[in-house]
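Structural description and commentary
Letter by letter, the chains look like this.
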Amino acid sequence: MMNKISEIVKHGLLLIGSLTFSSTMAQNYEAKVDSLMKRMTLQEKIGQTVMYSGSWDQTGPIVGSNNGKYIREGNMGGMLNAFTVRGTHDLQKIAVEETRLGIPLLFGYDVIHGHRTIFPINLGLSASWDLKMVEESARIAAEEASAEGIHWTFAPMVDVSREPRWGRISEGAGEDVYLGSQIAKAYVKGFQGDDLSKPNTILACAKHFAAYGAPQAGRDYHTVNMGEGELRDVYLPPFKAAVEAGVETFMTAFNEINGVPATANKFIFKDILRKEWGFNGFVVTDYTAINELVPHGFAKDEKHAAQLALEAGVDMDMMSGANRLYLEELVKENKIDEGLINQACKRILLAKFKLGLFDDPYRYIDEEREKTTKYKPDFLDKARAIAAASSVMLQNNNHALPISKNTKKIAFIGPLVKDEYDIIGNWAAKGDRNGKAVSVFEGISEYLTSNQILYAKGCEILKEDNSGFKEAINVSKAANEIVLVMGEGHHMSGEAASRTNLKIPGIQPELIKQIRQANPNKKITLVLMNGRPLNLSEEVGLVDAILEVWFPGTMGGAAVADLLFGEVNPSGKLTVTFPRNVGQVPIYYNMKNTGRPIPESNPKEDYKSNYIDVSNSPLFPFGHGLSYTNFNYSDFKLSSDTLTFSGEIEASVTITNTGKMDGHEIVQLYLHDKVGSVTRPVKELKGFQKIFLKQGESKTVRFTITAQDLKFYNNQMLFDVEPGEFEIVIAPSSNFKFQHKFNLVD
Ligand code: NOJ
């Protein structure tokens, strides 16, 4: 190894010390990359654009495992699903010691909501509306992942989605463009830190570019047809935000957009990402996405697919093998410009330089750090606090929650009460599913004595076997209060996990009904674990309280107990709408009005845009979430009712905690552009603040509004503002009526 490093040093490639990244450094790196590339053959350059998976953790079709051979031949620049100090060391050693130029490998992995210490699934985490927590969770994930040899995470997923049938809604930040953009930035900051050359920072990857969150009928990988205005207004901004936050890499999406698969889409990669936004990191495909251009009906064969992807701006091929097999041939046949390969190779090498891998290819490989970094007590404390802050109390009739710790007997019933497996959710990286996670049962045992706890599983998540019902009903009858812990299995959301039915799965709903019948007057709380909005229309009438805890992660059970017993006051709010039934989907708060909106005075009026069987309103709206205390909003003020193009106005409101507990409130600012050359949504979130108020305390919350906040893409695809009247509100959720206005004047 030392020989190779000294060779790299000899050729002027070694960076001395670890400096903060700057434009001067970028130039230095460029010069070093250029000098390295002068010594590389075409095949070696192509090799840098190739990534295969470590065979021990495949996440898609297995393409064959010749990893050692490819590395040795200089036919591989990156590897996914390769981690642990031992594993990455052995692979890196081949790259550094057994290849002609000793160029280090890049190790990527799906570190999505934690690496070892698992945080709530991303949809849950977004419900905290807490950018600091999002950043902290990503920072901890980066600490743990980098200590196991990982240089690069395939996260954050910043796909806006209004599609609860789509399993991957669980991986994003929900339905809103503004909130999604803020959260995208927080993740990037957390993963990449402020200095990529530090061994505890990793490259982030904004994925999946673009519009993957809007598949037809919610079916994964399905077609996307969408006007450019909607694409630019709703689906692209979180990606742009990630670029602004300095994200180093992008991943293509599996879907097509208006007939052109994303992985070969010049419009989004060349025109928008590179030219408009000035992104200068590298683009990786999603898993086998180049080959998939063939079944898409866009490329005639895989060789053609390799050409189309490269020409569209793809730099690295994840798992297709198409770059390795065909790019050299395509150059020799004069079908592609070799310059495109140089460019891709250069971008990838630059990332390796920024990480300091040419300084020390083993810098992420440190046994001591690996041993001491995972599951640190303060990581677990953070995970507990974050899981509690991400939970949303959807309903709390008659103050059913919190539960008194002195209750004589509480029945805990359901397939997820003792679960330590599903609780960490899908895409849980190296989170331990066997014993490390705190179950709800363990969590409540911190608060109650064993005499107070009654337990029955009742049924499985999915199986139709009701033989456990009898015991569950007996247990429920013997208790003073009942807590049901139910929901989806972790595999029911995430990739390739779309559902057409949004009910709580299996026979769990039937068990809820029977428990209510057997206990007509007892308090029943439903604790829900799930990866998407569910149809809870029946359950809202059967139980008193509903606590949505998503898949809350390693410390999930402890956090649930903290909330149930009032040690922590619930503060999460939905970042995605819960429909009344699947027929309302897509349903989201910032829809358009239509030419026939329902009149408030007569919601049942004929020939209006409504359903004959169900109301238009959601079961639980975006922004909704209850607390154990109450917050009163008063004294709304606008500094002026006129905003000029270059000026600003301030909107403020006073919020008072009028209840009996301290708590956090998520204060939301919405606007409505009443008339546009392109119609505007009925409501648009334009700001939010999470504040803490002690009992009885008041705070004035202020938002500044400028013309920049009012811009949208007009029919000429110009991002611009139009003068006119705007409605404004500062509210606790998206369920409100506007009462104030201002005018934007030229
Ligand atoms: C496919 C998924 O779509 C993507 O999000 C993930 O990063 C890759 N597989 C790698 O596992």
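Structure: see above.
Quick summary incoming for the structure in this document.

Reading the values: rules and limits
Residues numbered from 1 in each chain as written. Predicted model: local features only at pLDDT ≥ 70, side-chain atom pairs only at ≥ 80, totals over all residues. Heavy atoms only, no water. Pairing = 2+ DSSP bridges. Helix = DSSP H or I, 4+ residues; strand = E, 2+ residues; numbered from the N terminus. Axes fitted to C-alpha atoms, helices over the stretch in contact; angles between N-to-C directions. Parallel < 35°, antiparallel > 145°, perpendicular 65-115°, else oblique. Left-handed = near helix turned anticlockwise from the far one by under 90°. Contact = heavy atoms within 4.5 Å. Near = heavy atom within 4 Å. Polar contact = N/O pair within 3.5 Å; in protein donor to acceptor, adjacent residues only side chain to side chain. Areas by Shrake-Rupley, 256 points an atom, 1.4 Å probe, with all protein chains shown as cover. Nonpolar A, V, L, I, M, F, W, Y, C, P; charged D, E, K, R; others polar. Buried < 20%, exposed > 50% of the residue type's maximum accessible area, 1.4 Å probe, protein only. Phe/Tyr/Trp six-rings, centres within 6.5 Å; stacked < 30°, edge-to-face > 60°. Salt bridge = Lys/Arg side-chain N within 4 Å of Asp/Glu carboxyl O.

Taken together, five strands build an open sheet; the order of strands is β4-β3-β2-β1-β10 and the sheet is parallel. The sheet is open, and its two edges are formed by β4 (152–153) and β10 (317–318), each paired on a single side. Looking at chain direction, strand β1 (residues 50–53) and strand β2 (residues 78–80) are connected through three bridges and run parallel. By the bridge assignment for β2, tyrosine 52 is matched with methionine 79.

The next point concerns the sheet that holds strand β14 (residues 481–487). Read from one edge to the other, the open sheet built from six strands follows the order β11-β16-β15-β14-β12-β13, with strand pairing classed as mixed. Edge positions in the sheet fall to β11 (392–396) and β13 (453–456), since each of these pairs with one other strand and no more. Recorded for the sheet is a direction-independent mean angle of 15° between the axes of neighbouring strands. Across seven bridges, the pairing between β14 and strand β15 (residues 523–529) is parallel.

Glancing now at the packing of helix α9 (residues 228–235) against helix α11 (residues 266–276). At their nearest, the axes of α9 and α11 sit 14 Å apart, and the two run at 50° to each other. Relative to α11, the element α9 lies oblique. Here the hand of the crossing between α9 and α11 comes out right-handed. Facing α9, whose interface residues are Glu228, Leu231 and Arg232, α11 presents Phe267, Ile272 and Glu276.

Neighbouring the ligand are 14 residues; Asp110, Arg168, Lys207, His208 and Asp286 lie closest to it. Between aspartate 110 and the ligand, the recorded distance is 2.5 Å, taken from a side-chain N or O atom to an oxygen atom. With respect to the ligand, the side chain of lysine 207 contributes an N or O atom lying 2.8 Å from an oxygen atom. The protein chains hide 100% of the 300 Å² of surface that the ligand would expose on its own. Residues of the shell around the ligand, tallied by class, amount to seven nonpolar, two polar and five charged.

A few words now on the environment of glutamate 163. In this fold, glutamate 163 is placed in the loop between β4 and α8 (177–192). Judged by its relative accessible area of 6%, glutamate 163 falls in the buried class. Separated by 423 residues in the primary sequence, glutamate 163 and proline 586 place their C-alpha atoms 5.8 Å from one another. Non-local contacts of glutamate 163, meaning those with residues more than four positions away in its chain, are made with Ile169, Gly213, Pro215, Ala217, Gly218 and Val585.

Let us look at the packing of aromatic side chains. On inspection of all chains with the given rule, the structure shows 29 aromatic pairs. Measuring from centroid to centroid gives 5.0 Å for tyrosine 447 and phenylalanine 565, while their planes differ by 25°, and the two rings are stacked. Of the two residues, tyrosine 447 is situated in the loop between α17 (440–445) and β13 and phenylalanine 565 in the loop between α21 (556–564) and β17 (631–638); the sequence distance between them amounts to 118 residues. When the centroid spacing of 4.5 Å and the interplanar angle of 20° are considered together, the rings of tyrosine 589 and phenylalanine 622 count as stacked. In this pair, tyrosine 589 sits in the loop between α21 and β17 while phenylalanine 622 sits in the loop between α21 and β17, placing the two residues 33 residues apart along the sequence. Relative accessible area serves as the criterion here: at 6%, tyrosine 589 is assigned to the buried category.

This brings us to the pattern of salt bridges. In the structure shown here, the tally under the stated rule is 50 salt bridges. In this structure, arginine 100 engages glutamate 44 in a salt bridge whose closest nitrogen and oxygen atoms are separated by 2.7 Å. With arginine 100 in the loop between α5 (85–98) and β3 (106–109) and glutamate 44 in helix α3 (residues 42–48), the pair connects residues that are 56 residues apart, well separated along the chain. What makes arginine 100 partly exposed here is its relative accessible area of 47%. Judged by relative accessible area, glutamate 44 falls into the buried class, the value being 11%. Residues lysine 371 and glutamate 368 are paired through a salt bridge, measuring 3.9 Å at the closest nitrogen-oxygen approach. One end of the pair is lysine 371 and the other is glutamate 368, both in helix α15 (residues 367–373) and three residues apart, which spans about a single turn. The exposure class of lysine 371 is exposed, given its relative accessible area of 62%. Sharing partners across several salt bridges, the network here consists of Lys503, Glu510, Lys513, Glu538 and Glu539.

This brings us to the side chain of threonine 117. With respect to the helices and strands, the residue threonine 117 is situated in the loop between β3 and α6 (122–126). The buried category is assigned to threonine 117, whose relative accessible area is 0%. Engagement of the side chain of threonine 117 in a polar contact is seen with the side chain of glutamate 144, the distance being 2.6 Å. Contact partners of threonine 117, with chain neighbours within four places excluded, come to Glu144, Tyr375, Phe379, Leu380, Ala383 and Thr554.

The next point concerns unusual backbone geometry. In this model, lysine 207 is joined to histidine 208 through a cis peptide bond whose omega is 0°. A cis geometry characterises the amide bond from leucine 401 onward to proline 402, with omega recorded as -5°. In the Ramachandran plot, alanine 211 falls in the positive-phi region, its phi being about 65° despite a non-glycine side chain. Along the chain, alanine 211 turns up in the loop between β5 (205–209) and α9. You will see that threonine 288, though not glycine, has its phi angle at about 60°, which is positive.

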